[in-house]
Structure formats: structure tokens, C-alpha cells
Amino acid sequence: MVRLSSLPVHVRWEVYPVQHETASRVYYGGSYMEESDWWEKKQKRSLFNEFKYMAVEILFIRGLFKENRTLWLVSFPFHFGLYLMVAAFLLLMLNAVLALFVEGSIFIKPLDTLIIIAGWSGIVLGNIGCAGLLYRRLSDPELRNYSSFTDYFNIMFIFIFFLSALISILAGDPFFEGAKAYATGLITMGSSFNGYVPGSSISGTVSIISASLLAVYIPLTHMSHMFMKYFLYHSVKWDDAPNLKGGPVEKAIIKNLKLKPTWKASHIGADGRKSWLDIASEAPEEKS
Amino acid sequence: MKPSDISRKSECLCHVEPADLTPLPFPYEDYNDRTITALKPDKIKSIESSLDDTVAVGIPKPAGEEEEKAFVERFLAGLKKLFEKENNWTFLQPLILSMEHCAKCQTCSQACPVYEMSGGKDIYRPIFRAEVLRRIYRKYIKPGGKISARLTGDIDLNWTTIARLAELSYRCTLCRRCATVCPVGVDNGLINHEIRKLFSQEMGIAPKEIHDKGSVLQLSKGSSTGMIPLAARDSVEFIEEEMEEITGCKVNIPWDVEGADILLLHNAGEMLAWPENVGAFAIIFQAAGISWTLSSEAVGYDAVNYGLWYDDVQFSRVAVRHADIARRLRVKKIVMGECGHAHKALTVIADRLLTGDLNIPRESAMVTLDNIISSGKLKLDPMRNNFPVTLHDPCNIVRSMGIVEPQRRILRKIAPLFREMTPHGVDNYCCGGGSGFAIMSGYNFSEWRTLLSSRKKFLQILDAFSGEPEDMPKYVCAPCSNCKGSIRDIISYYDAEERSRIYYGGLVELIVNAMTDMKKPIISFGGEPSWA
Ligand code: SF4
Ligand code: SF4
């Protein structure tokens, strides 16, 4: 993500519909370029429209639902299960903070309920999703031909987490007491581990360890597409920002045009000293 | 077939049998047993031709091991450059994002007309070439790649892998239908575009129709048609005479008018293949009292910019020439004529290339014409276009620019029997001639195009006109020169004029055909005037 934000401004390569257009244009995929002399008019685009669309896309994978329903049936529970686990984790942390620092908080009870709902539904959905995705990857030659060891490993890794979590809640910790104690432990730098932790078990330990490893591992893999989608959509697919005279885009382009390419084909005429600007403004004599 | 099979020894990696192709309906069933004519062995003995049944690039076979090795090394050097900002600032971020985040869900395959029409041939999957590039990149460029390749997906790299990849990059029309359906936002069309760039910018490999006889010719002579400025002026003079003869309307086409409101850029191919399009623009602009001009300077009378499909440097050179001509003419804006790729090239892509006084406003002719029609300046009788009309949406104008409604608003006013295709607008299918295919015809490539990449368009056209009387003339309105080229070829190959009375043309011809000032129709069907 850090590398992405330091990359030079690229040329436009948007594809329509662009979701921050006005609602009437989004409906059929129109753009501001449909308007005569648009550069003299105030643009009515709305970033809110874009966020609305992205939120549903990231949460519910609308694109897959529309274009590839059978895969969505397993992909949605997989992704939503993961999101619910992240939500459950955040709720657990909040719960731990309240329990430790706000005595008799009235929010503890509703939080408990939310943790149970998010936790149970996340774990059930996650298991269905992992089993389903694994089955689809193995049984469908279209998917199998493109699946590598890493793809199976990634699903298995997540499956281990969901399975161990399922076993531990089924085996005696349906109210996530173990997880709550773990969250308290995180906040108190481990001191709560001194006490009795109900539901502490091998499966509970496996789920905690695998969850921690996943939190580190996912951002390093292509599985980060879950949230990198934002950049793929926002920074490329929908990046229609025009280059207005004296604006930030123009400044960035002027900087880019000073870069010195080293492409080797003879018609390019690059020698490592000439900039893009030099090369674009001169056409070397070529035989035709 | 797996991506790693691209390195496999084989005389032909993918062969298309007639039964594999999506069948055509009545009265075209007799075409269902046709497939691509076999390549002549003597013609292909010294070039790479082992990918499928056709050849687009025709890379010469290496003389020996040394040459093979040098070829592979050069490819890898180019691949590295694709990921460097000095060499590829233009597309670096989109490329990295698309390379890193594919979930291999195959949703894109179902959206690709080439894949679908071929009967699901694996090599034509949008993800196939992307995955080949991804694996080569990971294994041979990324640190530790040779070890991790066993885990992330292996591939062998040899001369054949690379030569086949070059060919394969010319089996995708860059229509980007796949990109619109990808749930992650990955763009396999873009990856294909980058593969073409690598071959052109580093290795000097590109089909001769788009490089030697395309952008090189345009930059050196003035037009990819080979027309020098004098020839362009002659053509236009001829068009003026012809317009008067056809429509009875005297038209003057202005050249090099300094300070005009509009510089109109035509695809120079129109002047030669469809002169009535150039003439119709002039009739409309004249009738609407527009201040406009053409440029007679080399490159200024040819809107094409083939670099869009394969080479950022050639692209930039042509875009800069276009903008500089407009700057020196001191026009208020450039209006792009009926040429889809030229639209996207100068309006969208060059937008992040042209700075200062080169950044002259650019507008689509669809928008200018919509304005003229809505202003009521032209007197129109839609009943003069009383025949079924369907609209083809050029990918570059519609899916890549979001210019969808202006041309429809016009058609609703001038074509009472307007029929939409299914699907249409941003979901429409490519004409099959995108990304240079319409002008590529070496070996048997035009047959591959008509049978495979244009097949979906032909089915869409037939579907749009299904239910219309067989003997009634039908008009496919294609406001793009390249699209017109491939639709012309589809109609001719499948004998559709004879069998279904299907004709084609641009949007401006339909407008002029409806103008009450015209004494005679500009549109005729097989010599028969469209109105009396
Ligand atoms: S490009 Fe997109 S649609 Fe195609 S396989 Fe990859 S993630 Fe799926
Ligand atoms: S850009 Fe078009 S032709 Fe190319 S792979 Fe995608 S859908 Fe197919």
C-alpha cells in the first residue's frame, strides 16, 4: 500500500460505469464527457455515490453475485465470515476495555450479545465458505488449472482457523469466554492469563494462533484483494479526473515527463539521457 | 490446458474445428462448417506459427541457440522495465494492481467474446496470457522466484513461450469487457496491452500493419493510409464534388482556418473508404453554421493513433502532433470524428500527457452532433430513415469513455425504426476489429477475425434485426471507422447484404439522410436510393 501511494500518476484508463458520476449517468454508464464544453462547467460528481457502491461491493461481493452466482454462493460466506471475525475481534477488544476501565458499564451486555452473534455467524459462514471454495477449486477444472499450491494453502490456512474456532465453541465455549479472556490479556499485556480461562483448549489456542498469523499473512498475499479492491476501483477503474490547466494532475505529469526511459527498440530512440518529453516531441527518422 | 502449457512442444497449441464455433442461425447455417483456411506451409516455415490456426505478428524463427538465448534475455529485460517508473510511469500502478490481485475466479472468461465464440478454447481465456506473464514475472524477475515458482505456479521460459505470447497478445481486441465484470477490478485487457508494449518498445516486435505501415507511416508521411498532405486535399476536393452529385447540396470543406471554433479530426481512412462520412460532417456543420476547419498539415488530417494499442512512445508522438497542430491553428476545441480509438487516444489517454497550451479541449463528435440536433438548427424528416437501424457501440467511445446517450438521443429523433442490440451501451460487444484487428489481414488473420472475434457482433446484429422483413433494407450504424471496417467484412464474408439486406454506415450519414434540405438521399442500399 505504501509502494502504491508513492507511484507516479498514471494515464487514465477508466472503464464505465464510473460510480462517482451522477446517479442518472451511473444508471447507463455515462460520463461527464457526454456534455458539450464540460471543461467550462462545474462537475456534479459525487464521491459519496462511489463509497456507497464500494461498501456493498466489498461487503457483499456484488460483482460476483451478478456475474458468477455459483461461485458467489461459496465466496460470499467465505469473505463475509472473515469480515464478521474482524468485527467480532473489534467487539472483543471494546468489551475488554469497558470491562477493565468502566465499572458496571451498561454496554457490556449488548456487547456480549453482539460478540456471540458476530462470532457464531462468522464461524459458521467461514466454515461453509472454506469447504465450498476448496471443493470448487478441486472439482472444477476451470479453477483447478489455475490453482497453485499457494492457493490451496491459503484456503487451508483459513479453514484451520475457522475449524478450530468452531470446535472450541462447540466443545464448551459457546459464549466466547476464552476469546474475551484473550482480548483482556492483549490489553493488559498478558496479566489476565494468570486467572482461570473457561474454554481454554487446544482448539482455542490453535484458533488464536492461526488468527494472529493470518492477520500478518493476508496482507502479504493476493488475498489482500479484499481491501485492495478499493485501489483497483478508485485509482484505476474509476479514475477519470481530468487534467485541468495548472492543477495537481498537470504538475504530476510535468514531473513524469522528465523521467528518462531506456527502452531498447530502435524506433524509440531512447539513450537514457533523453526524457519522455524529448522523445515524445521528436519523431526520429524511420524507414517505412 | 494450463498456462504452463504455452511452453509445450507442439505444432499447433490450439486448433479450432468448425463444430467448436458458436453456431450461426438461419439463413447462415451453411457457414457452420467453415473454419479458418489452413496456413500455407511454405509461407510459415520460417516464422512462429505454433499457437493456433493463424498468424498476426509472424516472428522469424531463430537461427540458432545464441539467438534464442538473446531473445529470451531481451524479453526479460523488457519485462523488468514494465515495472519501472522511468520506463512505464504511464501504466505502472494499474499494471501492478492487476498483476497482484487476480483471484483466478474465471468470471472474466464468460464475458470475453473471443473465448465464448471459440467454444471455450483455453488459450483465449482473458486470464491465460495474464497468468503466463504473471508466472514469468514472478519466477524470473522477482527475487527468489525460481524457488517460489513451485508454490505459486511454475512455467518454462524458452523462445517458443515468448514468441507464442507475442502472438497471443494479438488475439485479444482490448475491448475490456472482461475488466468490467471482474469482481476484484483486475483488467486483463490492460495486461495484454502491456505485453504488446513490451514487445514493441523493447524488442521492436509488432504487426507491420500497425507499426511499419501504421504509426511509422503516419509520423513520416502524414497518415497511416500513406496519404501525403497534397493527396488529402485532393481527396477532400473530390468529396466536395461527390457530395453535390449525390445529395444536390453544395458543400465547402474549410482547410487550415486559424481561430476556428473547431478543428475536426477524421480518421483519414474515411476519406478513402467512406468519403460520404467526411462529406456528411461538412454538410451538417455548414448547415448548422459552425465555425470549423480541417488541418492539411501532415498528421493533422489523420486522427488515428495506433500507438494506443501497442506502444506508448509512438502514441505520445502522434498525440503531441495532433495537439500542437490545434495549438498553432488556435482553435477553441478539437472534435473527434467517427473514430473510436482516436477518441480514446486523444481525449482520455493523452489527457495525462498534454500540458500547458497543448492541453486543448477535446470533444466527441457524438456530443457536438447531439448539440446541433437539439438546437433545432437542422430541419429533419425522420421518415426519410424509415428502415430498421441498429447501433453498434464502439468500445473506445462507450465502455472506455462513457459516451453512451448523445448518439442515442440523435437516433431517437431521426430513426423511427431504431432497434437496440442486446446487450448494448457499456455492455455491448466489440466489433471484433478492435486494437488493430480491423486493419490486420496478413496470412489468414482476417478470416480468424471474421470467424472468431467478430462472430459475436454478427450474432448481435442478426438478433437486433430478427423479426424484420427479410427484403427490407437494414442499417447498422457504426460511428467508428475501425468498427465499420470489420462490420463491412462481416457483411461481405457472410453474404449478409444478399441474404438479409444488411447494410452499414456512420451516424452522420443518417443525419444528412433525414435533412429536408437534401434533394437526394445520401444513403442508398445496393444502388437503390433510401428515399425518393
Ligand atoms: S481477472 Fe478478475 S474475473 Fe478474471 S480470474 Fe482474475 S479475479 Fe477473476
Ligand atoms: S479485452 Fe476483450 S477480447 Fe481481450 S480478453 Fe478481455 S474480453 Fe477478451
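Residues numbered from 1 in each chain as written. Chains lettered and ligands numbered in written order. Predicted model: local features only at pLDDT ≥ 70, side-chain atom pairs only at ≥ 80, totals over all residues. Heavy atoms only, no water.

(A) Seen up close, the overall build of chain B. Looking only at helices and strands, chain B features 25 helices and ten strands. For 532 residues, the compact-globule estimate of 2.2 N^0.38 gives 24 Å, and chain B sits close to it at 23 Å. Its C-alpha atoms put chain B at 75 × 55 × 45 Å along the principal axes. The 532 residues of chain B split such that 69% are buried. Of all intrachain contacts in chain B linking residues separated by at least 6 positions in sequence, the fraction that spans at least 24 positions is 78%. (Helix = DSSP H or I, 4+ residues; strand = E, 2+ residues; numbered from the N terminus. Rg over C-alpha atoms; globule rule 2.2 N^0.38 Å. Buried < 20%, exposed > 50% of the residue type's maximum accessible area, 1.4 Å probe, protein only. Contact = heavy atoms within 4.5 Å.)

(B) How the structure looks around the site of ligand 2. What surrounds ligand 2 is the set Cys112, Pro126, Arg129, Cys172, Thr173, Leu174, Cys175, Arg176, Arg177, Cys178 and Gly189 of chain B. Elements that contribute at least two residues to the shell around ligand 2 include exactly helix 7 (126-141) and helix 10 (177-181) of chain B. (Near = heavy atom within 4 Å.)

(C) Main features of the interface of chain A and chain B. If you look at the interface, chain A gives 81 residues, while chain B gives 100 residues. Summed over both partners, the interface of chain A with chain B buries about 7,800 Å², with 59% contributed by carbon and sulfur atoms. Counting the surface chain A buries against chain B, the share from its top three residues, Trp13, Tyr146 and Trp263 of chain A, is 14%. One can count five salt bridges joining chain A with chain B. Between Arg125 of chain B and Glu142 of chain A there is a salt bridge, with its nearest N and O atoms 2.7 Å apart. At the surface where chain A touches chain B, the tally comes to 45 residue pairs in polar contact (both at pLDDT 80 or more). (Buried area = accessible area lost by both parts, 1.4 Å probe. Salt bridge = Lys/Arg side-chain N within 4 Å of Asp/Glu carboxyl O. Polar contact = N/O pair within 3.5 Å; in protein donor to acceptor, adjacent residues only side chain to side chain.)

(D) View of the sheet that holds strand 2 (residues 292-293) of chain B. Residues and elements named next belong to chain B. Reading across the sheet, the four strands line up as 2-1-3-4 and stay open at both edges, with parallel pairing between neighbours. Both outer strands of the open sheet, strand 2 and strand 4 (362-364), are each paired with one neighbouring strand and no more. Where strand 1 (residues 262-265) lies against strand 2, two bridges are found, and the strand directions are parallel. Within strand 2, the position partnered with Ile262 by the bridge is Trp292. Sheet contacts for helix 18 (residues 340-348): strand 1, strand 3 (333-336) and strand 4; angle to strand 3, the most-contacted strand, approximately 155 degrees. (Pairing = 2+ DSSP bridges. Axes fitted to C-alpha atoms, helices over the stretch in contact; angles between N-to-C directions.)

(E) Spotlight on empty space enclosed by the protein. Per the counting criterion, the structure on display carries seven cavities of 30 Å³ or more. As a volume, the largest cavity reaches approximately 390 Å³. Lining the largest cavity are 23 residues, with His79, Leu133, Arg137 and His225 of chain A together with Ala103 of chain B sitting closest to its centre. Elements represented by at least two residues in the lining of the largest cavity include exactly helix 5 (69-101), helix 6 (108-139), helix 8 (149-170) and helix 11 (225-237) of chain A. No other element matches helix 5 of chain A, which puts four residues into the lining of the largest cavity. Residue composition of the lining of the largest cavity, by class: 13 nonpolar, five polar and five charged. Empty space within the second largest cavity amounts to approximately 190 Å³. (1 Å grid on protein atoms, 1.4 Å probe; cavity = no way out; pocket = protein on both sides within 12 Å on 5 of 7 lines; lining within 4 Å. Points joined across faces, edges and corners; volume = space filled by probe spheres on them. Nonpolar A, V, L, I, M, F, W, Y, C, P; charged D, E, K, R; others polar.)

(F) Focus on the side chain of Glu240 of chain B. Residue and element names in this part refer to chain B. Checked against the element boundaries, Glu240 lands in helix 13 (residues 229-247). Salt bridges are absent for the buried Glu240, whose nearest opposite-charge side chain, Lys250, sits at 7.0 Å. Engagement of the side chain of Glu240 in a polar contact is seen with the backbone nitrogen of Ile253, the distance being 2.6 Å. Excluding residues within four positions of it along the chain, Glu240 makes contact with Val251, Asn252 and Ile253. (Lys, Arg positive; Asp, Glu negative; His and termini not counted.)

(G) Representation of the pattern of salt bridges within the structure. Residue and element names in this part refer to chain A. According to the stated counting rule, one finds 52 salt bridges over all chains in the structure shown. Between Arg25 and Glu21 there is a salt bridge; the shortest N-O distance is 3.0 Å. Residue class for Arg25 comes out buried when judged on its relative accessible area of 13%. Its relative accessible area of 0% is what places Glu21 among the buried residues. Ionic contacts of the salt-bridge type, sharing partners, join the residues Glu21, Arg25, Glu34, Glu35 and Lys41 into one network.

(H) Region of interest: a nonpolar patch on the surface. Residue and element names in this part refer to chain A. Nonpolar side chains collect at one region of the surface, where Val86, Phe89, Leu90 and Leu186 lie side by side and expose about 370 Å² of accessible area between them. Ranked by residues supplied to the nonpolar patch, first place goes to helix 5 with three residues. Here Leu186 shows up in helix 9 (residues 177-187). (Patch = residues over 30% accessible without salt bridge, like charges linked within 9 Å, V, L, I, M, F, W, Y side chains within 5 Å. Areas by Shrake-Rupley, 256 points an atom, 1.4 Å probe, with all protein chains shown as cover.)

(I) Here's a closer look at helix 22 (residues 455-464) of chain B. Most of helix 22 of chain B is tucked away, with nine of its ten residues classed as buried. For helix 22 of chain B, the set of buried residues is Arg455, Lys456, Lys457, Phe458, Leu459, Gln460, Ile461, Leu462 and Ala464 of chain B.

(J) Inspection of unusual backbone geometry at higher detail. Cis peptide bonds are those with omega within 30 degrees of zero, and the linkage from Phe26 of chain B to Pro27 of chain B qualifies with -5 degrees. The residue Pro27 of chain B is located in the segment before helix 1 (41-44) in this model. Note that the residue after Thr422 of chain B, namely Pro423 of chain B, is joined by a cis bond; omega there is -15 degrees. Within the element layout of this structure, Pro423 of chain B appears in the loop between strand 6 (418-419) and helix 21 (445-453). A positive phi angle is found at Ile61 of chain A, which is not glycine, with a value near 50 degrees. Even without glycine at this site, Tyr443 of chain B takes up a positive phi of about 50 degrees. On the secondary structure map, Tyr443 of chain B appears in the loop between strand 6 and helix 21.

(K) How the structure looks around a negative patch on the surface. All names here are of chain B. Negative charge collects at one region of the surface, where Glu65, Glu66, Glu67, Glu68 and Glu73 lie side by side. Checked against the element boundaries, Glu65 lands in helix 2 (residues 65-82). Judged by its relative accessible area of 70%, Glu65 is exposed. (Charge placed at Lys NZ, Arg CZ, Asp CG, Glu CD.)

So, to be careful, I would describe these as geometric facts and stop short of saying anything about function.
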